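So you can see what is in the structure, the chains are spelled out below.
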Amino acid sequence: MAIYEETLEQQRRYFRTGATLPVSFRKTMLRKLKDELKRREGDVIKALHEDLGKSDFEAYATEIGIVYGEISYLLKHLSSFMRKKKVASPITIFKATSYTIREPLGTVLIMSPWNYPFQLTMVPLAGAIAGGNTAIVKPSRYSKATSRLMKEIIESIFPKEYVAAFEGGHETNTALLEGRYDMIFFTGSPNVGKIVAAKAAETLTPTVLELGGKSPVFIDESADIKLTARRLAWGKFLNAGQTCVAPDYVLADKKIVKPLLEALEKETRKMFSSSPLSSPDLPKIINERHFERIRGLIGGSRTAFGGECDKDTQKIEPTVLYPVREEDPVMQEEIFGPVLPILEYESLDEAIDFVRGREKPLALYVFSRSRKNISRIHALCAFGGGCVNDAVIHLSNPRLPFGGVGNSGMGSYHGRMSLETFTHQKSIVKEALWIDLPVRYAPFGKKIRLLRLLMR
């Protein structure tokens, strides 16, 4: 534990020197990070393939490219985001100037997951650097190759008093959480998120929790079935379903269930062939424990197609389950694998009530041509973010905040929101010296009449 405490204290001292405050320094550090990531890009691709079996294309599209885009966006807009922002002043503080300025939080702890180990470490780290903070990074123990590589990269370009990385498992996590930070940024499951939040509450440390949950998909009778099936299969089976915003289950109008199932099977075969387990484009499950857990979920429901597993390669075929009941095992937890349950509904209100009766999801997707139905779902269902007539892609836009609500998380980041998350907005009023209105000073007498005029 001593090494963690020592590093944390070194970072506190370094932050107090003010070295991280200049915008020019932050931009230099972001450029150094991006340059090194580009230099080691091939190593990142190899590590992601070793950990998760990702193809070169998927590694770049869902991890590396998103990190490059985030850093580029921050570099382009950082100066404007950090400028002093003037706001209007009420007449009661005439003649004052009111404004806000952003300051770094200080030293932050970033704890990242294994499913997108590179993206979900480097994107929040870029936000922390852009915000002018020092950072301690703790990647997941399950994505060993990528975590080891990220530690090497961080140590090769940053002194540990500025950015440090630690590998390890539960003991390391526990030891790191004993420290007092200015913010904890955690990405992972709701169950672990509760532990992080409880520990942070002991010192009133603010937290950003990027969690998950069972993200629903609405498909009504007006949907374009062929395109819906193609985009839904892509979003669900991306990274073998190990995506926090993956479509978790489908609520489909009973009138279109049969053509939807046919289209899903056809589009899935197009992507992964008739022998998906041998497809180089299908990633593997991260470890044996998760492999067995997902396989157990398949066994509890009827399989429309898929369902084959290979224990040696830890691959599971893209699988669609139908019919599925609310009480089936696959509906009791976040699936986090290439398994898609389909439930049918008689009326849209019935489907909406089903979603509203469960925990608030991280994402929600609607496939429909009906503006009325889309608006109704969005108005009545709480969720972190989502798409209309597509899935997953909302998190790729740096101009959109990404985060959950309720059980799926708190706080958000990406683009401008990363700056807001990793900084504090200070409110300041600067009063004029050339005038001093006497109304606020005693004796008050009948000044309340004037006060009522000014403050009504």
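Structure report, in brief.

Thresholds, definitions, all that
Residues numbered from 1 in each chain as written. Predicted model: local features only at pLDDT ≥ 70, side-chain atom pairs only at ≥ 80, totals over all residues. Heavy atoms only, no water. Helix = DSSP H or I, 4+ residues; strand = E, 2+ residues; numbered from the N terminus. Rg over C-alpha atoms; globule rule 2.2 N^0.38 Å. Buried < 20%, exposed > 50% of the residue type's maximum accessible area, 1.4 Å probe, protein only. Contact = heavy atoms within 4.5 Å. Areas by Shrake-Rupley, 256 points an atom, 1.4 Å probe, with all protein chains shown as cover. Lys, Arg positive; Asp, Glu negative; His and termini not counted. Charge placed at Lys NZ, Arg CZ, Asp CG, Glu CD. Pairing = 2+ DSSP bridges. Right-handed = clockwise from strand over helix to strand, strands pointing away. Arc of directions from axis to C-beta. Phe/Tyr/Trp six-rings, centres within 6.5 Å; stacked < 30°, edge-to-face > 60°. Lys NZ or Arg CZ within 6 Å of the ring centre and 35° of its normal. Axes fitted to C-alpha atoms, helices over the stretch in contact; angles between N-to-C directions. Parallel < 35°, antiparallel > 145°, perpendicular 65-115°, else oblique. Polar contact = N/O pair within 3.5 Å; in protein donor to acceptor, adjacent residues only side chain to side chain.

**A look at the overall build of the protein chain**
Inference 1: Tallying secondary structure elements over the protein chain gives 15 helices and 20 strands in all.
Inference 2: Against the globule reference of 23 Å for 456 residues, the protein chain gives a C-alpha radius of gyration of 25 Å, in line with a compact fold.
Inference 3: Considered along the principal axes of its C-alpha atoms, the protein chain spans approximately 85 × 55 × 40 Å.
Inference 4: Split into buried and exposed, the 456 residues of the protein chain put 52% on the buried side.
Inference 5: Within the protein chain, contacts between residues separated by at least 24 positions form 71% of all contacts whose residues are at least 6 apart in sequence.
Inference 6: Accessible area for the protein chain stands at about 20,900 Å²; split by element, carbon and sulfur atoms hold 53% of it.
Inference 7: In the protein chain, which carries 65 positive and 53 negative side-chain charges, the distance between the mean positions of the two groups comes to 11 Å.

**Remarks on the pairing of strand β7 (residues 207-210)**
Inference 1: Along β7, one buried face is formed by Thr207 and Leu209 and the opposite face, lined by Val208 and Glu210, is buried too.
Inference 2: Relative to β7, strand β6 (residues 183-187) runs parallel, the two being bridged by four bridges. The residue of β7 that forms the bridge with Ile184 is Thr207.
Inference 3: Remark: the β6/helix α8 (residues 190-201)/β7 crossover connection has right-handed handedness.
Inference 4: Relative to strand β18 (residues 409-410), β7 runs antiparallel, the two being bridged by two bridges. The residue of β18 that forms the bridge with Leu209 is Met410.

**Examining unusual backbone geometry**
Across the chain, the bulk of peptide bonds are trans and the bulk of non-glycine residues have phi less than zero.
Inference 1: The omega torsion of the bond from Phe94 to Lys95 falls at 5°, within 30 degrees of zero and hence cis.
Inference 2: Along the chain, Lys95 falls in the loop between β1 (85-87) and β2 (96-104).
Inference 3: With an omega of -5°, the peptide bond running from Tyr322 to Pro323 counts as cis.
Inference 4: Look at Asn389: it is not a glycine, yet its phi comes out positive at around 60°.
Inference 5: Mapped onto the fold, Asn389 is located in the loop between β16 (385-388) and β17 (402-403).

**What to know about helix α12 (residues 348-356)**
Inference 1: What α12 keeps buried is the set Leu348, Ala351, Ile352, Phe354 and Val355. Down the axis of α12, the buried side of the element spans an arc of 155°, and every buried residue falls inside it. Projecting away from the buried face of α12 at angles above 90 degrees are the exposed residues Asp353 and Arg356.
Inference 2: Against the buried residues of α12 lie β8 (216-219), β9 (249-253), β14 (339-345), β15 (363-367) and α13 (371-380).

**Some remarks on the packing of aromatic side chains**
Inference 1: Using the criterion set out here, one finds eleven aromatic pairs in the structure.
Inference 2: Look at Tyr73 and Phe81: their rings are 6.3 Å apart centre to centre, the planes differ by 45°, and that puts the pair in the tilted class.
Inference 3: For Phe81, a relative accessible area of 8% gives the class buried.
Inference 4: On the numbers, 4.8 Å between centres and 80° between planes, the contact of Phe185 with Tyr413 is edge-to-face. Taken as a pair, Phe185 in strand β6 and Tyr413 in strand β19 (residues 412-413) lie far apart in primary sequence, 228 residues in all.
Inference 5: Judged by its relative accessible area of 0%, Phe185 falls in the buried class.
Inference 6: Taken together, the aromatic side chains of Tyr14, Phe25, Phe158 and Tyr162 make up a single cluster linked through ring pairs.
Inference 7: The ring of Tyr68 carries the charged tip of Lys38 above its face, separated from the ring centre by 4.1 Å.
Inference 8: Just above the ring of Tyr249 sits the side chain of Arg358; from NZ or CZ to the centre is 5.8 Å.

**What to know about the packing of helix α2 (residues 23-39) against helix α5 (residues 119-130)**
In helix packing, the relevant descriptors are the interaxial angle and the interaxial distance, both defined with respect to the helix axes.
Inference 1: Where α2 meets α5, the axes come as close as 8 Å, and the angle between the chain directions of the two elements is 155°. Between α2 and α5, the angle falls in the class roughly antiparallel. Within the contact between the two elements, α2 uses Arg26, Met29, Leu30, Leu33 and Leu37 and α5 uses Met122, Ala126, Ile129 and Ala130.

**Quick word on the environment of Asp310**
Inference 1: Mapping Asp310 onto the fold places it in strand β11 (residues 309-310).
Inference 2: Under the relative-accessibility criterion, Asp310 is labelled partly exposed at 24%.
Inference 3: When the C-alpha positions of Asp310 and Arg440 are compared, they lie 78 Å apart, and in sequence the two are 130 residues distant.
Inference 4: Beyond its immediate sequence surroundings of up to four residues, Asp310 is in contact with Leu277, Phe291 and Lys315.
Inference 5: Side-chain polar atoms of Asp310 contact the backbone nitrogen of Asp312, separated by 2.9 Å.
Inference 6: Among the polar contacts made by the side chain of Asp310, one reaches the main-chain amide nitrogen of Thr313 at a distance of 3.3 Å.

**Describing the sheet that holds β7**
Inference 1: With respect to topology, six strands assemble into an open sheet ordered β5-β4-β3-β6-β7-β18, the strand pairing being mixed. Each end of this open sheet is capped by a strand with a single partner; those strands are β5 (163-165) and β18.
Inference 2: By the bridge criterion, five bridges tie strand β3 (residues 107-111) to strand β4 (residues 134-138) in an arrangement that is parallel. Counterpart to Val108 in the pairing with β4 is Ala135.
Inference 3: Sheet contacts for α8: β6 and β7; angle to β6, the most-contacted strand, approximately 175°.

**With respect to helix α7 (residues 170-177)**
Inference 1: Every buried residue of α7 is listed here: Thr172, Ala175, Leu176 and Leu177.
Inference 2: Packing partners of the buried residues in α7 comprise α1 (2-16), β3, β4, β6 and α8.

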